[in-house]
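So the chains spell out like this:
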2 protein chains.
Amino acid sequence: MITIREVAKLAGVSASTVSRVINGTAKVDSDKKERILRIIEETGFVPNEAARTLFRKSAKTIGLIVPSIRNPYFTELAAYIDDFSLQCGFRPFLCNTGYDPEKEKAALQMLISMKADAIIVASCSEYIKEAIKNCPVPVVSLDAMWSGPEVAACIHCDYYEGGRMATEHLIESGCHNIVCIKGPQYRYSARYRYQGYLDVCKEHNIPEQTVECDYDFNQGLAMTEELLKKYPEVDGIIACNDIVAISTYKVLYEQNISVPGQVQIVGFDNISFSKLLSPELTTIIQPIKEMAEKAVELIANNELTELSDKKFIFPVSLIARQTTK
Amino acid sequence: MITIREVAKLAGVSASTVSRVINGTAKVDSDKKERILRIIEETGFVPNEAARTLFRKSAKTIGLIVPSIRNPYFTELAAYIDDFSLQCGFRPFLCNTGYDPEKEKAALQMLISMKADAIIVASCSEYIKEAIKNCPVPVVSLDAMWSGPEVAACIHCDYYEGGRMATEHLIESGCHNIVCIKGPQYRYSARYRYQGYLDVCKEHNIPEQTVECDYDFNQGLAMTEELLKKYPEVDGIIACNDIVAISTYKVLYEQNISVPGQVQIVGFDNISFSKLLSPELTTIIQPIKEMAEKAVELIANNELTELSDKKFIFPVSLIARQTTK
C-alpha cells in the first residue's frame with residue numbers, strides 16, 4: 001500500500017500538506033490541491049483511518065447496540081439507523097449482543113474505545129443500564145422506554161395507546177371474548193400495552209382474560225395452545241407482537257379455525273413480514289423509521305451534549321388488514 | 001476519561017509498560033502486571049482503539065459487505081458471521097450497501113482504512129468485482145459464486161443441484177404442469193438453478209414453462225399473476241427464492257387456489273420465515289450457517305494469504321413441508 005509520504009513526494013509537497021487536503025483542516029493552494037487529489041486518485045491511496053481518528057475529535061461513528069438482528073423488528077431499526085447515519089456523514093457500527101451481558105460489555109467498550117460520537121441502545125437489560133452510568137459517550141435509548149440522568153435522550157412510542165387501540169378495534173369488529181397474550185412484563189413495551197388493554201376492558205365491563213408469553217415464535221405456539229384450552233370461547237386475540245401473532249395464526253390454521261371468521265387477531269410492530277402473510281396481519285404501527293431518524297438527527301445536529309433525560313414519544317396507529325373483520 | 005499516562009502514574013510504572021501489558025507485546029514482571037491490571041479495573045480505563053490499531057499489524061476486524069440487511073437471507077448470513085467472528089476474537093464490521101455503487105465504494109475504502117484483516121463480500125455487482133482487483137486486503141466471496149485471482153476464496157453452494165432437486169420433487173409429488181419462476185439471470189444462483197430445472201425437464205420430456213422475476217416480493221406478486229394467465233393448467237411452481245415463494249402463495253390464496261391441493265410450491269434458501277408460514281414452505285436448504293463458519297474459519301486460521309481463487313462448494317438438500325404433497 002502507498003503511504004502519505006509517497007503521495008507527498010509524487011506531488012512535490014510535504015506530507016502535512018497532503019494531510020491538510022485530506023482532512024480539510026486548512027486552506028491549500030488550489031493548484032497544489034488539484035495535483036494532490038489527482039495523485040491520490042491515480043495511486044489509489046487510502047488514508048489510514050486509525051491515524052486520522054487519533055487526531056480528530058470526532059470519529060464520525062454512531063454505535064448501535066441491539067439484542068438480536070435475527071428479530072425482524074431490530075433488523076428494520078438497524079437498517080434505518082444505517083441509512084440515516086450514512087446520509088448524515090456518519091458510519092454506523094452495529095453491535096449484535098444476543099442479550100448476552102458479556103457481549104453487551106464488549107460492545108460498549110469497543111464503541112467507547114473507537115471514540116464513537118454517540119451510542120444508540122435498543123436494549124434495556126439490567127447490565128446495560130448499570131454499565132451506561134459511567135459511559136463517557138452520550139447514549140440515546142431507542143424503543144426501550146428507559147430513561148434517567150445517564151441517558152441523554154429516550155425515544156420510544158406510545159405503547160399504552162397501542163394496547164388501547166388494539167382492544168378497541170377488536171370490540172368494534174364484533175369480538176365478545178377477547179384474550180390478551182401479554183408480553184414479558186419486565187419489558188416496558190409489554191407492560192404498557194397490557195395496561196392499555198386492561199383499561200379498555202374496565203371501561204367496557206369486559207372480564208380480563210390473559211396468558212403471558214415472551215416475544216418469541218416458539219413460545220407463541222405453546223401459549224396459543226394453552227389459550228385455546230383455557231378460553232375455548234375466544235373470538236379475538238391481542239398478540240404481544242407480530243412474531244407471536246404469526247405463531248397464533250399458525251396454531252389456529254393447524255386446528256382449522258378460520259381467521260378472521262371465527263377468531264380475529266391483532267399484532268404489534270408492523271414488521272415488514274406482517275403484510276407479506278396470507279392473510280395479512282392487522283397490527284399496531286410503531287413508527288420505526290421516524291424514531292430511527294430522530295435518534296440520528298439528535299446525534300448529527302450535535303444536540304446530545306446539551307440533553308439529559310429528554311423524552312421523545314411517538315404516536316402509534318392501527319392498520320386494519322385481513323386478520324380482523 | 002482516564003489516560004494511559006494516569007494509569008502508569010498510579011501503578012508507578014512507565015506508560016510503555018502499561019502498553020506492554022495491554023497488548024501483550026512483551027513480558028512484564030508479574031507483580032507489576034497484577035498492579036497494572038488492578039488499576040485498569042478500578043479506574044475503568046479503556047485503551048484507545050485507534051492508537052492500538054496504529055501499532056498493531058492486525059485490527060482483528062472482519063468486514064462484511066452485504067447488499068441488504070432487509071433481505072432475511074442476508075440478515076441470517078450476517079448474524080452467523082457476527083457470532084463466529086466474536087467467537088474467534090474478531091470484531092465483525094457490517095456494511096449494508098443497498099446495491100448502491102457509491103455505498104459499495106465507501107464500504108470498501110472504510111474497511112481497508114480500518115486495516116480489516118479480511119473482507120467477506122456477499123454481493124457480486126460489477127462495481128465490487130472491479131474495485132476488488134486492487135484491494136490490499138484479502139477478499140472472500142460468499143454465496144456469490146464469483147471467483148478469480150483477485151479473490152482468495154469463494155464459498156457458495158450447489159445451486160444447479162438445488163434446481164434439479166426442486167424439479168424432481170415436484171415430479172415425484174405428482175405434478176404434470178410445472179412452471180419455473182426463474183430468478184434474475186445475471187445472478188449465478190438464479191442461472192444455475194434454472195439450468196438444473198431445464199436438465200430435469202429434458203430428462204423427463206417435460207416442456208419448459210417459465211417466467212422471469214427478480215428476488216423481490218412485489219415483483220413476485222406480479223409475475224405469479226402473469227404465470228397464472230400464461231399457464232392456467234399449472235399444478236407445480238418452482239419459485240426463484242423463498243421471498244418469491246411467499247408472493248406466489250399470497251396470489252394463490254387471494255384467488256382461492258388451494259396449496260398444496262391444486263398447486264404445489266417449492267422455494268429456495270430456507271430462510272427462517274419459511275417455517276413460520278402457514279402452510280410451511282417446502283424449500284431447498286442452503287447451509288448458510290456452515291458457509292458463514294467456513295468464511296470466518298479461513299480468516300481466523302490465517303489461511304487466506306496462501307489462497308487464491310480457492311473454491312468451497314457446499315451441498316444443498318430439500319426439506320418437504322406443507323406446500324407440497
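The rules behind these values
- Residues numbered from 1 in each chain as written.
- Chains lettered and ligands numbered in written order.
- Predicted model: local features only at pLDDT ≥ 70, side-chain atom pairs only at ≥ 80, totals over all residues.
- Helix = DSSP H or I, 4+ residues; strand = E, 2+ residues; numbered from the N terminus.
- Rg over C-alpha atoms; globule rule 2.2 N^0.38 Å.
- Buried ≥ 20, exposed ≤ 12 C-beta atoms within 10 Å, placed from the backbone.
- Contact = placed C-beta atoms within 7 Å.
- Least-squares fit on C-alpha atoms with pLDDT ≥ 70 in both.
- Pairing = 2+ DSSP bridges.
- Axes fitted to C-alpha atoms, helices over the stretch in contact; angles between N-to-C directions.
- pLDDT = per-residue confidence, 0-100.
- Domains from an automatic or database assignment.
- Nonpolar A, V, L, I, M, F, W, Y, C, P; charged D, E, K, R; others polar.
- Right-handed = clockwise from strand over helix to strand, strands pointing away.
- Core = buried A, V, L, I, M, F, W, Y, C linked by C-beta atoms within 7 Å.

In terms of helices and strands, chain A carries 12 helices and 12 strands. Taken against the 2.2 N^0.38 rule, which gives 20 Å for 325 residues, the C-alpha radius of gyration of chain A at 25 Å runs more than 25% over that of a compact globule. Here chain A, with 325 residues, has 47% of them falling under the buried criterion. Relative to all contacts within chain A whose residues are 6 or more apart in sequence, the contacts with residues 24 or more apart total 68%.

Our focus in this paragraph is the relation of the copies chain A and chain B. It takes a turn of 180° to lay chain A on chain B, together with a shift of 0.1 Å along the axis; the resulting RMSD is 0.2 Å. Interpreted geometrically, this transformation is the action of a two-fold axis. Of all interface residues in chain A, 100% are interface residues in chain B too; the two copies therefore contact each other through one and the same surface.

Here the focus is the sheet that holds strand β10 (residues 282-285) of chain A. Residue and element names in this part refer to chain A. Taken together, six strands build an open sheet; the order of strands is β7-β6-β8-β9-β10-β12 and the sheet is mixed. Edge positions in the sheet fall to β7 (210-212) and β12 (317-319), since each has one partner strand and no second. Ignoring strand direction, the axes of neighbouring strands in this sheet form an average angle of 20°. On the sheet, helix α8 (residues 159-172) packs against β6 (178-182), β8 (236-238), β9 (264-269), β10 and β12 and is oriented at approximately 165° with respect to β9. Each of β6 and β7 is contacted by helix α10 (residues 217-230), which is oriented at about 155° to β7, the strand it contacts most.

Okay, the confidence of the model for chain A next. Residues with a pLDDT of 70 or more make up 96% of chain A, whose mean pLDDT is 89. The ipTM assigned to the predicted complex is 0.78, against a pTM of 0.81.

Residue and element names in this part refer to chain A. Spatially, β2-β1-β3-β4-β5-β11 is the arrangement adopted by the six strands of the open sheet, whose pairing is parallel. Edge positions in the sheet fall to β2 (91-96) and β11 (310-314), since each of these pairs with one other strand and no more. Each adjacent strand pair in this sheet contributes to an overall mean axis angle of 20°, direction not counted.

Taken as a whole, chain A is organised into domain 1 (4-55), domain 2 (61-158 + 288-316) and domain 3 (159-287). Centre-to-centre separation of domain 1 of chain A and domain 2 of chain A, based on C-alpha positions: 34 Å.

With 37 residues of chain A at the contact, the number on the chain B side is 37 residues. At the level of secondary structure, the elements contributing two or more residues to the side of chain A that touches chain B comprise α4 (49-55), α5 (72-87), β2, α6 (101-113) and α11 (242-254) of chain A. Grouping the constituent residues of the side of chain A that touches chain B by class yields 21 nonpolar, nine polar and seven charged.

Residues and elements named next belong to chain A. In strand β3 (residues 118-121), alternate side chains face the same way, and those of A118 and I120 on one face and I119 and V121 on the other are all buried. Where strand β1 (residues 61-66) and β3 come together, four bridges link them in parallel fashion. If you follow I62 over to β3, its bridge partner there is A118. Where β3 meets strand β4 (residues 139-142), three bridges bridge the pair, whose relative direction is parallel. Opposite I119, over in β4, you have V139 as the bridge partner. Handedness of the β-α-β unit built from β3, helix α7 (residues 126-131) and β4 comes out right-handed.

I120, I181 and A295 of chain A together with I120, I181 and A295 of chain B are the most contacted members of the largest nonpolar core, which totals 182 residues. Sequence-distant contacts of I120 of chain B, that is, excluding residues within four places in its chain, are made with I62, G63, L64, I81, V140, L142 and A295 of chain B.

This brings us to unusual backbone geometry. A cis amide bond links S278 of chain A to the next residue, P279 of chain A, at an omega of -5°. Topologically, P279 of chain A is positioned in the loop between β9 and β10. Here the phi dihedral of N270 of chain A falls at roughly 60°; this positive angle occurs in a residue that is not glycine. Counting through the fold element by element, N270 of chain A comes out in the loop between β9 and β10. The class for N270 of chain A is buried, based on 24 C-beta atoms found within 10 Å. With phi around 60°, N302 of chain B is a residue other than glycine that occupies positive phi space. The exposed category is assigned to N302 of chain B, around which 12 C-beta atoms lie within 10 Å.

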